[in-house]
Amino acid sequence: MGHKVNMVCFEAPLRHPIDFLKKVNFLNSARLSYRAVYQAIKKGWHKLKALDNVEKLTHKIRPRELVAGTTSKVYHKAQLWLDKAKTYGQIDEAYNESVKALNSIPQDPDRMVLKVGMIGEIYVLLEPASNQEIEEILGNLGVEVERSMFLTGWTRDNLNKNSEDVVTCHEAAKSWIPVAIGGHGQDSVGHTVLYAQRGFDGVVQLAPFTCIPEIVSKTVLTKVSRKYDIPVLTFFLDEQTGKAGMATRLEAFVDLLKRKKLARLDTHPAVTS
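Cut-offs used in this document
Residues numbered from 1 in each chain as written. Predicted model: local features only at pLDDT ≥ 70, side-chain atom pairs only at ≥ 80, totals over all residues. Heavy atoms only, no water. Pairing = 2+ DSSP bridges. Helix = DSSP H or I, 4+ residues; strand = E, 2+ residues; numbered from the N terminus. Right-handed = clockwise from strand over helix to strand, strands pointing away. Buried < 20%, exposed > 50% of the residue type's maximum accessible area, 1.4 Å probe, protein only. Lys, Arg positive; Asp, Glu negative; His and termini not counted. Salt bridge = Lys/Arg side-chain N within 4 Å of Asp/Glu carboxyl O. Axes fitted to C-alpha atoms, helices over the stretch in contact; angles between N-to-C directions. Parallel < 35°, antiparallel > 145°, perpendicular 65-115°, else oblique. Contact = heavy atoms within 4.5 Å. Nonpolar A, V, L, I, M, F, W, Y, C, P; charged D, E, K, R; others polar. Patch = residues over 30% accessible without salt bridge, like charges linked within 9 Å, V, L, I, M, F, W, Y side chains within 5 Å. Areas by Shrake-Rupley, 256 points an atom, 1.4 Å probe, with all protein chains shown as cover.

**Q** Help me understand the pairing of strand E4 (residues 232–237) in this model?
**A** On a regular strand, one side chain projects to one face of the sheet and the next to the other, so that they alternate. In this structure, strand E3 (residues 202–208) lies alongside E4, joined through six bridges in parallel fashion. For proline 208, the partnering residue across the bridge sits in E4 and is leucine 237. Running through helix H10 (residues 212–228), the crossover from E3 to the neighbouring parallel element E4 is right-handed.

This is the structure in structure tokens:
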């Protein structure tokens, strides 16, 4: 389109401090002090944690709501409230109001809800526009989604490669992929094993078309699925991916998960949903 573009890629600041400061200076057109930049980052992080926590709550409430679409409407309002919040006090107030509004949505506590883990490459996991709002589709089908990655968690894990979550995930993947293969391939396998061990009903893998780490992990996940008896559905996404086609595949997947769960409950009546 004729525009000149400068792409600035930030590496982990604790491992590349000089590079991080140079890029901050490059982007700091207002010439703010380092203290002001730090305060801005700190406040942004506070808001980001609130946004992630609100989104996690929607994943629990949406499959249990009595009126379809209510959670999505309230979530949209919550995003606007948090977007307008400028101070720490306003962020906390917006967050508390969001949690209150979501928890006030009428729910069916006795509904049988499936639990599905979501794994894959970071961008298609985090960006609803790229994954056809898959979490909302699954929630409306009666599925509680637990995503393996949120921006706050990913940032913390990259700042501290020895965090408990990272070590646990890589340990779970060790028998299948003993070394990092780039991207999130090793994490996808590790999280699938952990979801299976926690009794999840299924896993959905999301990846950009031609993403080699996720292609490798998909091959391994076939064996993981068989060993742990956990169904895995994979989507490779590109500009040709249609929401209707994805929804149809998800409906069939969820239907199979429900039949599998009901069969298990009939065999073991003491097991609850």
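**Q** Quick question: what am I supposed to make of the side chain of glutamate 121 here?
**A** Structurally, glutamate 121 is set in the loop between strand E1 (114–120) and helix H5 (122–126). In this structure, glutamate 121 is buried with no salt-bridge partner, the nearest side chain bearing the opposite charge being arginine 147 at 11 Å.

**Q** Can you walk me through the sheet that holds E4 in this structure?
**A** Within a sheet, neighbouring strands are paired by backbone hydrogen bonds and run either parallel or antiparallel to one another. The strand order across the open sheet built from four strands is E2-E1-E3-E4, with neighbouring strands paired in parallel fashion. Each edge of the open sheet is held by one strand with a lone partner, namely strand E2 (143–147) and E4. Strand after strand, the sheet turns through a mean of 25° between neighbouring axes, direction not considered. Bridge count between E1 and E3: five bridges; the pairing is parallel.

**Q** How do you make sense of the packing of helix H2 (residues 34–61) against helix H3 (residues 70–84) when you look at a structure like this?
**A** Packed helices, taken two at a time, are described by the angle between their axes plus the distance between the axes. Relative orientation of the contacting elements H2 and H3 amounts to 175°, with a least axis distance of 11 Å. With respect to H3, the axis of H2 lies roughly antiparallel. Judged by residue contacts, Lys47, Ala50, Leu51, Val54, Glu55, Thr58 and Ile61 of H2 engage Thr71, Tyr75, Ala78, Leu82 and Asp83 from H3. Its residues placed into classes, the contact of H2 with H3 shows seven nonpolar, two polar and three charged.

**Q** Which parts of the structure should I look at to understand the pattern of salt bridges?
**A** Pairs can form between side chains of opposite charge once their charged atoms are near each other. Following the criterion strictly, the structure yields 13 salt bridges and no others. Close ionic contact of aspartate 108 with arginine 111 constitutes a salt bridge, the shortest N to O distance being 3.9 Å. Classification of aspartate 108 as partly exposed rests on a relative accessible area of 25%. Among the residues examined, arginine 111 registers a relative accessible area of 29% and is labelled partly exposed. The salt bridge involving arginine 264 is made with aspartate 201; its shortest N-O contact spans 3.8 Å. Taken together, the residues arginine 264 in helix H11 (residues 243–267) and aspartate 201 in the loop between helix H9 (185–197) and E3 connect sequence positions 63 residues apart. Residue classification places arginine 264 among the partly exposed residues on the basis of a relative accessible area of 34%. The exposure class assigned to aspartate 201 is buried, which follows from its relative accessible area of 9%. Within this structure, Lys60, Arg64, Lys115 and Glu144 form a network of salt bridges that share partners.

**Q** Before we go on, may I ask you to explain a nonpolar patch on the surface in this structure?
**A** A contiguous nonpolar patch, built from Val179, Ile181, Ile212, Ile215 and Val216 and spanning about 400 Å² of accessible area, is present on the exposed surface. The topology assignment puts valine 179 in the loop between helix H8 (164–173) and H9. Judged by relative accessible area, which is 53%, valine 179 ranks as exposed.

**Q** So what exactly am I meant to see when it comes to unusual backbone geometry here?
**A** One can expect most non-glycine residues to show negative phi and most peptide bonds to be in trans. At arginine 31, a position not held by glycine, the phi torsion is positive, near 55°. Positioned with a positive phi, threonine 210 is a non-glycine residue whose angle comes to about 75°. Within the secondary structure, threonine 210 is located in the loop between E3 and H10. With relative accessibility at 52%, the residue threonine 210 sits in the exposed group.

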